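# Fold and contact review
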Amino acid sequence: MHNRLRMVAASFLTRQLGVDWRWGERHFAEHLNDYELASNNGNWQWAAGTGCDAQPWFRIFNPTAQSLQYDAQGKYLPELARLPDEEIHAPERASPIELEAAGITLGVDYPAPIVDLGEARRAALQRHAAIQQEAAMAAVFGDLDGRAARQLQLAEIGGRNHRVVGGGEDV
C-alpha cells in the first residue's frame with residue numbers, strides 16, 4: 001500500500017470518522033505484508049495528531065482532493081474508467097444517466113460514500129474546538145485533580161485530537 005494512501009486512510013479514519021487511531025494501526029499491522037512496528041505506530045499517531053511530531057490540527061485530508069492530486073487520470077480506479085473524467089474521483093456526483101452508461105451502481109459495483117466529507121470535516125473541527133475550550137478552562141481555573149487533563153488525553157487518543165479555534169485547511 002503506497003504511503004500516500006496510508007496517510008489518506010489514517011486521516012479519514014481518525015479525523016473524519018473520529019475513530020481511535022489504534023484501530024487503524026492494528027488493522028494495518030494485521031493485514032499489510034510490509035508492516036513495521038515503529039513506522040506504522042508513528043505514522044498513525046502523526047495522522048491522528050497525537051504523536052510527538054503530529055500533523056497540524058487543521059490538516060484534514062480530503063480523499064477526493066488527494067485522489068485528484070495524486071491520480072488525476074484515475075489509473076488506480078479502473079472500475080470507474082467509463083465515467084466522465086470529472087466524475088472518476090467522486091462517482092456519487094455523477095448523474096444517474098452517467099452511472100448507468102458506465103454500468104455502475106453505487107453500493108454494488110463501487111462503494112457508496114459512508115459520510116459527507118464536508119460535514120465530517122466540520123464535525124471534526126467542532127470536536128477539536130470543544131477540546132480546546134476544555135483545555136483553556138482547565139488552564140484558567142486550575143485542574144487540581146488532573147481530571148480535565150486526563151479527559152483531554154483520552155480525547156486525543158480517541159481520534160478527537162484537533163485543537164481548533166477557527167477555520168482550518170482541507171488538503
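Predicted model only: the values in this text are computed from it and were never measured.

## Considering the environment of D71
If you trace the backbone, D71 turns up in the loop between helix 4 (63-70) and helix 5 (96-102). Judged by relative accessible area, D71 falls into the buried class, the value being 8%. Linking D71 and H89, residues 18 residues apart in sequence, is a C-alpha distance of 8.9 Å. At 3.0 Å, the side chain of D71 and the backbone nitrogen of Y76 are in polar contact.

## Examining the packing of helix 1 (residues 3-16) against helix 3 (residues 37-48)
Between helix 1 and helix 3, the least distance of the axes is 8 Å, while the angle of their chain directions is 50°. Between helix 1 and helix 3, the crossing angle belongs to the class labelled oblique. You can see that helix 1 and helix 3 cross each other, and the crossing is right-handed. Where helix 1 approaches helix 3, its residues N3, M7, A9, A10, S11, L13, T14 and R15 are matched on the opposing element by N43, W44, W46, A47 and A48. Residues that form the contact of helix 1 with helix 3 fall into these classes: 8 nonpolar, 4 polar and 1 charged.

## Quick notes on the nonpolar core
One recurring pattern in soluble globular proteins: nonpolar side chains tend to sit buried together. Core analysis: the largest hydrophobic core is formed by 8 residues, namely L77, L80, L83, I88, A94, L99, A102 and I104. Aside from chain neighbours lying at most four places away, what touches L77 is S67, D71, I88, H89 and Y110.

## Brief notes about helix 3
Between the first and last C-alpha of helix 3 there are 16 Å, a value that for 12 residues agrees with the 16 Å anticipated at 1.5 Å per step. Buried within helix 3 we find N40, W44, A47 and A48. Looking down the long axis of helix 3, one finds its buried residues gathered within 95° of arc, a one-sided arrangement. At its buried positions, helix 3 is contacted by helix 1 and helix 2 (21-31). Two residues or fewer past helix 3, G49 is found with a positive phi of approximately 80°.

## A short note on the packing of aromatic side chains
Counting across every chain of the model gives 1 aromatic pair. Measuring from ring centre to ring centre gives 5.1 Å for F28 and W44, while their planes differ by 75°; the resulting arrangement is edge-to-face. Taken as a pair, F28 in helix 2 and W44 in helix 3 lie far apart in primary sequence, 16 residues in all. Across the pair, exposure class does not vary: F28 and W44 are buried alike.

Here is what the cut-offs are and how they apply
- Residues numbered from 1 in each chain as written.
- Predicted model: local features only at pLDDT ≥ 70, side-chain atom pairs only at ≥ 80, totals over all residues.
- Heavy atoms only, no water.
- Helix = DSSP H or I, 4+ residues; strand = E, 2+ residues; numbered from the N terminus.
- Buried < 20%, exposed > 50% of the residue type's maximum accessible area, 1.4 Å probe, protein only.
- Polar contact = N/O pair within 3.5 Å; in protein donor to acceptor, adjacent residues only side chain to side chain.
- Axes fitted to C-alpha atoms, helices over the stretch in contact; angles between N-to-C directions.
- Parallel < 35°, antiparallel > 145°, perpendicular 65-115°, else oblique.
- Left-handed = near helix turned anticlockwise from the far one by under 90°.
- Contact = heavy atoms within 4.5 Å.
- Nonpolar A, V, L, I, M, F, W, Y, C, P; charged D, E, K, R; others polar.
- Core = buried A, V, L, I, M, F, W, Y, C linked by side-chain atoms within 4.5 Å.
- Expected span 1.5 Å × (residues − 1).
- Arc of directions from axis to C-beta.
- Phe/Tyr/Trp six-rings, centres within 6.5 Å; stacked < 30°, edge-to-face > 60°.

Treat this as a map of the structure, not an account of what it does.
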